[in-house]
Amino acid sequence: MAARLFPVVKFVIKGSLAGAAVYVAYDQGLLGSGTQGAEALKKAQAALPPAIQEWTSYVGWELPPTPKFDFSLSDSWNKGVQTVMSALSVAPTRACECTVEGWKYVKDLVK
């Protein structure tokens, strides 16, 4: 009985954790528009360093300071989306070109 119940309990726990993660992401605005995601990122960047500092002082560890860099996640995301959409838009044309070249190659081999 316990052997059959253990996989079910594991599944329920994993499903609950996944559901909680999705709920927290939705609640914080990460699944909304780009502006909501940017606001959530700014909130996390403001709240995370003090929390880590408090935790390390509680544990007794000392971490090196975090490096400062200027990196826009939204610009990188937008560039990636544009690249993927561009590749998808030319994919049919490129497939036709490759097919034509393949047929030419096969015809040359058969001759």
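None of these values were measured; they are calculated from a predicted model.

Here we take up the overall build of the chain. When you go through the chain residue by residue, the secondary structure sums to three helices and zero strands. Secondary structure elements in the chain, listed N-terminal to C-terminal, are α-α-α. Its C-alpha radius of gyration of 26 Å places the chain more than 25% over the 13 Å reference for a compact globule of 111 residues. When the backbone C-alpha atoms are referred to their principal axes, the chain occupies close to 80 × 55 × 30 Å. Classification of the 111 residues of the chain by burial places 4% in the buried group. In the structure as shown, the chain presents an accessible area of about 10,400 Å², 68% of it carried by carbon and sulfur atoms. With 11 positive and 9 negative side-chain charges, the chain shows a separation of 12 Å between the mean positions of the two kinds.

Tracing the backbone shows Thr56 in helix α2 (residues 34-59). Looking at Thr56, the relative accessible area reads 3%, which means it is buried. Non-local contacts of Thr56, meaning those with residues more than four positions away in its chain, are made with Trp61 and Leu63.

Now for the environment of Ser57. Looking at where Ser57 falls in the secondary structure, it is placed in helix α2. Taking C-alpha positions, Ser57 is 76 Å from Val110, a pair spaced 53 residues apart along the chain.

Among the surface-exposed residues, Leu5, Val8, Val9, Phe11, Val12, Ile13 and Leu17 lie close enough to one another that they form a single nonpolar patch of about 690 Å² accessible area. Its location among the elements puts Leu5 in helix α1 (residues 2-27). Relative accessible area serves as the criterion here: at 46%, Leu5 is assigned to the partly exposed category.

Thresholds, definitions, all that
Residues numbered from 1 in each chain as written. Predicted model: local features only at pLDDT ≥ 70, side-chain atom pairs only at ≥ 80, totals over all residues. Heavy atoms only, no water. Helix = DSSP H or I, 4+ residues; strand = E, 2+ residues; numbered from the N terminus. Rg over C-alpha atoms; globule rule 2.2 N^0.38 Å. Buried < 20%, exposed > 50% of the residue type's maximum accessible area, 1.4 Å probe, protein only. Areas by Shrake-Rupley, 256 points an atom, 1.4 Å probe, with all protein chains shown as cover. Lys, Arg positive; Asp, Glu negative; His and termini not counted. Charge placed at Lys NZ, Arg CZ, Asp CG, Glu CD. Contact = heavy atoms within 4.5 Å. Patch = residues over 30% accessible without salt bridge, like charges linked within 9 Å, V, L, I, M, F, W, Y side chains within 5 Å. Salt bridge = Lys/Arg side-chain N within 4 Å of Asp/Glu carboxyl O.

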